[in-house]
Structures are given as structure tokens and as C-alpha cells.
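If you want the building blocks of each chain, they are given just below.
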Amino acid sequence: MTLPANDPALRSWVPVPDGSDFPIQNLPLGAGSWNGGPPVPMTRIGDRAVDLSVLAEAGLLDGLGIDRTAFDAPVLNPLMAAGRPGVRALRERLSTLLRHDNAVLRDDNDLREEALVAVDQVVMQLPVAVGDYTDFYSSRQHAYNVGCMFRDPANALLPNWLHLPVGYHGRASSIVVSGTPIRRPMGQYRSAPDAPPAFGPTRQLDMELEVAFITFDGNALGERIGTDRSEDHILGLVLFNDWSARDIQAWEYVPLGPFLGKNFGSSMSPWVVLLDALEPFRTASPEQDPPVLPYLRQQGPHHFDIALEAAIATADGRETVICRTNFSNQYWSMAQQLAHHTVNGCNVRCGDVMASGTISGGSPESFGSLLELTWKGTRPLTLHDGTTRKFLEDGDTLVMRGHAGGRGVRIGFGEVRGTVLPALPYL
Ligand code: CA
């Protein structure tokens with residue numbers, strides 16, 4: 001799809017540092033507060049956040065099919081009522097206002113200074129009021145690795161895996177924005193396969209490197225969304241860390257799946273990169289063998305080439321990159337995930353979050369969890385300071401970054417980070 005805002009030749013009057021994740025071709029949406037005010041919808045260009053409530057108040061966002069009051073809301077949900085066409089029109093308008101040869105905002109000193117603010121002055125919030133949260137399990141390599149560790153290589157993939165995008169319903173209440181500390185959870189686990197259950201702080205705190213998409217209002221209850229229309233219901237993507245307590249998970253998950261090993265926290269990057277901005281980075285979906293059932297068939301490329309990495313920063317702030325992978329390492333596309341999610345008539349709503357599942361590639365350094373990177377703790381990682389990790393320690397900060405690039409423009413996500421706090425004592 002050709003969109004004017006995606007033109008790699010576009011330049012802005014706002015300075016954009018070399019290598020920035022946020023050139024004029026990106027223009028993500030988020031919600032942030034500054035100068036003691038309430039959170040408002042924002043976009044970002046270079047190292048500046050742009051307060052959309054100011055632009056709306058000045059009448060610069062009229063005529064987009066978005067009610068002006070939506071730009072005073074603390075989250076993007078009211079704005080998203082305009083659907084993908086409305087958000088596309090908003091991004092095109094912002095692109096026009098910020099391009100180098102447009103004087104409307106550039107030459108209005110008062111308005112410009114009121115609307116543009118240094119990002120380090122902004123406190124970012126969760127971009128949306130999250131409705132429901134679903135987590136998929138769509139990386140074949142990840143499913144294979146876990147299957148090898150907990151079963152055997154010959155039967156690593158369970159019989160359903162190649163026929164449907166496996167997923168489960170997660171917990172929306174504990175999704176937090178980047179920068180929010182994560183408290184080490186307490187729970188039940190077994191220290192050996194035949195040992196009685198013990199209770200205490202998890203001894204196997206892990207990350208899961210994922211990308212999540214956020215939905216517009218979708219289908220009515222009882223209706224479904226086909227693969228051909230799925231992407232019309234996607235606002236955009238964020239980085240997502242699905243923190244996991246492996247020892248708690250291993251003991252509790254039979255027979256109904258993840259529960260307390262997962263629901264103590266999931267971290268999200270604050271800027272939603274719109275699907276339209278990622279259009280130039282669409283890439284072929286993998287051939288699926290055996291063929292999928294008709295409702296999961298899709299035409300054309302529905303994967304996206306997004307480089308991803310994860311790093312552990314120790315208390316001194318220094319980082320060691322522990323994983324480099326790519327969002328295209330997915331067997332099931334977002335279009336297939338959404339089609340599957342709704343094929344039974346389950347309704348999807350504005351602000352629902354659907355995470356990809358851990359994204360692991362074919363090489364050991366591209367595995368998206370410590371479980372895999374250390375192969376269940378048998379191959380500890382060595383960090384920059386010489387210390388080793390099987391799983392995360394108190395005080396560790398987990399940082400994830402991602403960007404698409406290589407076609408004359410870089411579209412990035414910034415980062416999602418969270419620091420591990422010690423467990424609260426049980427009194
Ligand atoms: Ca997950």
C-alpha cells in the first residue's frame with residue numbers, strides 16, 4: 001500500500017537524530033503527561049513528543065472523523081473509535097504538519113512551543129485502556145525448543161500446533177508501561193520432579209520477547225473476522241515482555257495452562273507503531289505444511305520484518321545483549337491469529353492486546369527467553385561484568401528494543417524495560 005506519510009524522501013522541520021527510531025515516516029501514537037498535566041494522546045518525532053490535545057485545540061486535527069474531545073482523553077481508546085481509516089487520516093495529517101515545507105506549526109512560535117516537548121520531560125502511560133489480553137504461542141522454534149526440553153525432540157510439537165495458532169487468555173490488569181518495576185512473585189513450585197511443593201519467591205524468573213498488536217473495535221459477539229479483514233482491526237504494534245516464573249508455571253499449568261506463573265506482570269512499550277508505518281516492511285509469510293483449514297488461509301504477505309533484541313542491564317546500568325531475533329520468525333500471522341480468535345464468535349474490542357508469544361529464531365542467540373537461551377538453566381549466560389545468569393536476579397533490568405529498517409528509513413519502537421524488585425516477604 002502506498003501512503004504519502006511513508007515516502008522515504010520526507011523530511012521534517014523537527015530535527016531527527018541519525019539512527020532515531022522516530023523519523024517523520026513513523027509517527028507512533030502514545031499517551032503521556034508533562035508539566036503536571038493529565039495524560040493526553042501524543043505522537044513522537046525524533047526526541048520530541050507532540051501533544052495532540054494542543055493541535056486539536058488549535059483546530060489542526062479537524063475533519064478527520066475524530067471527535068475533538070478524543071484528544072483530551074488519557075488513553076487512545078476514544079480516538080480509536082474512528083477505526084483504521086480515521087487513524088490513517090490522523091497520521092497523514094501529522095505527517096503534513098511536520099514536513100519540512102509546512103509552515104503552519106513550524107512558524108507559529110507559541111503553538112509550536114506549546115505542542116512540542118522534549119521526550120525526557122514526558123511521563124509515558126499505557127497507551128490504551130487494555131480490555132482483554134490474549135497471548136499466542138506462534139513461533140515454531142520456540143514451541144519446538146520448549147517441546148524438546150519438556151518432552152522429546154521427536155514429539156516436540158504437539159499434534160494441534162501446525163493446525164491452529166495456540167493461545168490462552170491472559171490477565172489485562174497487570175499489563176504495565178515500560179519503566180514500571182516488576183516485583184518477583186511468590187508461589188508454589190517443586191525443586192525436583194518428585195519433591196513436595198514448596199512456597200517462596202520464584203527461583204526461575206524469565207522474560208519472553210514478544211510483539212503485541214492492539215485492536216480496534218472488532219466484531220459483534222457471534223460474528224467473526226476473516227483473515228482478509230483482520231488487519232483492518234489492528235491499530236499497531238508494541239514491544240511486549242511477558243514476564244514468566246518458570247518454576248511456578250511448571251507446577252501449576254496442568255491441565256488448564258498458565259496462571260500465576262504469568263499474571264504478575266507484562267510490560268509494554270509506550271509508543272504504538274501504527275500498522276500503516278510498517279507497511280514497507282511487510283514480508284512473505286512462511287509456507288504452511290500441512291495446509292491450514294480454509295478459515296486460516298491468507299493471501300499475500302502478512303508477516304513483518306522487525307529486528308528485535310533483548311538485553312540485561314545490571315545495577316551499574318551496563319547492558320549485555322542476550323538475544324537478537326526477528327518478528328518474522330512466526331509461523332502464524334497476526335491475520336491468522338485474529339481470524340482464529342474470532343472464528344467461534346468471540347468478540348474483540350477496542351484496546352484488546354494480543355501478544356505473539358515468545359519469538360525465537362533458528363539460531364541459539366535468537367531464542368526469545370532465558371529458558372531457551374540457557375537451555376533450562378544448563379548453559380548459563382555470562383554478562384559483561386563476568387557474572388552469570390540462568391534466570392533473572394533482583395536488580396536486573398530487562399530491556400527490549402525493536403525496529404524495522406533497510407528501505408531508506410528506520411521505523412523503531414523505542415524500548416520496553418523493567419527492573420526486578422525483590423519479593424515482598426510473606427508475613
Ligand atoms: Ca508468552
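Only a predicted model underlies this, so the values are computations on that prediction, with no experimental measurement involved.

Thresholds applied
- Residues numbered from 1 in each chain as written.
- Predicted model: local features only at pLDDT ≥ 70, side-chain atom pairs only at ≥ 80, totals over all residues.
- Heavy atoms only, no water.
- Helix = DSSP H or I, 4+ residues; strand = E, 2+ residues; numbered from the N terminus.
- Buried < 20%, exposed > 50% of the residue type's maximum accessible area, 1.4 Å probe, protein only.
- Contact = heavy atoms within 4.5 Å.
- Areas by Shrake-Rupley, 256 points an atom, 1.4 Å probe, with all protein chains shown as cover.
- Lys, Arg positive; Asp, Glu negative; His and termini not counted.
- Charge placed at Lys NZ, Arg CZ, Asp CG, Glu CD.
- Polar contact = N/O pair within 3.5 Å; in protein donor to acceptor, adjacent residues only side chain to side chain.
- Phe/Tyr/Trp six-rings, centres within 6.5 Å; stacked < 30°, edge-to-face > 60°.
- Lys NZ or Arg CZ within 6 Å of the ring centre and 35° of its normal.
- Donors = N, O, S within 2.8 Å, 3.2 Å for Na, K, Ca; no water.
- Pairing = 2+ DSSP bridges.
- Core = buried A, V, L, I, M, F, W, Y, C linked by side-chain atoms within 4.5 Å.
- 1 Å grid on protein atoms, 1.4 Å probe; cavity = no way out; pocket = protein on both sides within 12 Å on 5 of 7 lines; lining within 4 Å.
- Points joined across faces, edges and corners; volume = space filled by probe spheres on them.
- Nonpolar A, V, L, I, M, F, W, Y, C, P; charged D, E, K, R; others polar.
- Domains from an automatic or database assignment.
- Axes fitted to C-alpha atoms, helices over the stretch in contact; angles between N-to-C directions.

**Some thoughts on the overall build of the protein**
At step 1: Counting its regular elements, the protein contains nine helices and 26 strands.
At step 2: In terms of its C-alpha atoms, the protein occupies a principal-axis envelope of roughly 70 × 50 × 40 Å.
At step 3: Buried positions account for 55% of the 427 residues belonging to the protein.
At step 4: Pairs at least 24 residues apart make up 72% of the contacts formed inside the protein by residues separated by at least 6 positions.
At step 5: With an accessible surface of roughly 17,900 Å², the protein has 52% of that area assigned to carbon and sulfur atoms.
At step 6: On the protein, the mean spot of the 35 positive side-chain charges and the mean spot of the 48 negative ones are 4 Å from each other.

**Concerning the side chain of H303**
At step 1: Within the element layout of this structure, H303 appears in strand β19 (residues 303-304).
At step 2: In this structure the side chain of H303 is engaged in a polar contact, spanning 2.8 Å, whose partner is the side chain of S285.
At step 3: Beyond its immediate stretch of four places on either side in the chain, H303 contacts F281, R282, T283, A284, S285, P286, S328, Q330, Y331, W332 and S333.

**Remarks on the packing of aromatic side chains**
At step 1: Enumeration according to the criterion identifies five aromatic pairs in this entry.
At step 2: Taking 5.3 Å as the distance between ring centres and 80° as the angle between the ring planes, the aromatic pair formed by Y331 and W332 counts as edge-to-face.
At step 3: Exposure remark for W332: the relative accessible area of 1% places this residue in the buried category.
At step 4: One aromatic cluster in this structure is built from W161, Y331 and W332.
At step 5: The positively charged end of K376 is found above the aromatic ring belonging to F150, 4.4 Å away from the centroid.

**With respect to the coordination of the calcium ion**
At step 1: The calcium ion binds to the protein through D135 (OD), E208 (OE), E210 (OE) and D242 (OD); the donor distances cover 2.2 to 2.3 Å.
At step 2: Linear spacing of the donor residues for the calcium ion on their chain is D-x72-E-x1-E-x31-D. In this pair, E208 is assigned in the loop between β12 (205-206) and β13 (209-215) and D242 in the loop between β14 (234-241) and β15 (244-245), connecting sequence segments 34 residues apart.
At step 3: A relative accessible area of 5% places E208 in the buried class.
At step 4: Classification of D242 as buried rests on a relative accessible area of 0%.

**Looking at the sheet that holds strand β26 (residues 411-421)**
At step 1: Strand order in the open sheet made by the five strands is β9-β26-β25-β20-β21, with mixed pairing throughout. At either end of the open sheet lies a strand with only one pairing partner, and these are β9 (182-183) and β21 (319-326).
At step 2: Two strands pair when backbone bridges link them, and strand β20 (residues 307-313) and strand β25 (residues 397-404) are joined in this way by seven bridges, in the antiparallel orientation. Bridging from a neighbouring strand, A311 pairs with V399 of β25.

**Some remarks on helix α6 (residues 140-150)**
At step 1: Those residues of α6 that fall on the buried side of the exposure criterion are H142, A143, N145, V146, G147, C148 and M149.
At step 2: In this structure, the buried side of α6 is in contact with α9 (370-373).

**Let's talk about the nonpolar core**
At step 1: If you look at the biggest cluster of nonpolar residues, it comprises 52 residues, and the most contacted ones within it are L237, L278, I306, I322, F327 and L398.
At step 2: Among the elements that line this core, the one with the most residues is β26, at four residues.
At step 3: Those residues in contact with L278 that lie beyond four places of it in its chain are L237, V273, F304, I306, A404, I411 and F413.
At step 4: Residues L76, V87, L111 and V238 belong to the second largest nonpolar core, which totals 48 residues.

**Remarks on empty space enclosed by the protein**
At step 1: What the rule picks out here adds up to two cavities of 30 Å³ or more.
At step 2: Approximately 60 Å³ is the volume attributed to the largest cavity.
At step 3: Lining the largest cavity, in full, are H302, H303, F327, Q330, W332, S333, M334, Q337 and S356.
At step 4: Taken together, the residues of the lining of the largest cavity break down into three nonpolar, six polar and no charged.
At step 5: What the second largest cavity holds in volume is close to 40 Å³.
At step 6: Lining of the second largest cavity is provided by R84, V87, R88, F216, I234, L235, L274, L275 and D276.
At step 7: Within the residue set of the lining of the second largest cavity, elements represented by two or more residues are α3 (83-98) and β14.
At step 8: Element by element, the count of residues in the lining of the second largest cavity is highest for α3, at three residues.
At step 9: Across the lining of the second largest cavity, the residue classes tally to six nonpolar, no polar and three charged.
At step 10: Per-domain counts for the lining of the second largest cavity show at least three residues from each of domain 1 (4-124) and domain 2 (133-421).

**A short note on the sheet that holds strand β1 (residues 29-34)**
At step 1: On the basis of which strands lie adjacent, the open sheet formed by five strands has the order β4-β3-β2-β1-β5 and antiparallel pairing. Edge positions in the sheet fall to β4 (116-118) and β5 (122-125), since each has one partner strand and no second. Each strand of the sheet is rotated relative to its neighbour by a mean of 50°, with strand direction disregarded.

**A short note on unusual backbone geometry**
At step 1: The linkage connecting V254 with the following residue, P255, adopts the cis geometry, with an omega of 0°.
At step 2: With respect to the element layout, P255 can be found in the loop between α7 (246-252) and β16 (266-268).
At step 3: For the bond from D289 to P290, the omega torsion is 10°, close enough to zero to count as cis.
At step 4: On the secondary structure map, P290 appears in the loop between β18 (282-283) and β19.
At step 5: A positive phi angle, near 55°, is found at N35, a position not held by glycine.

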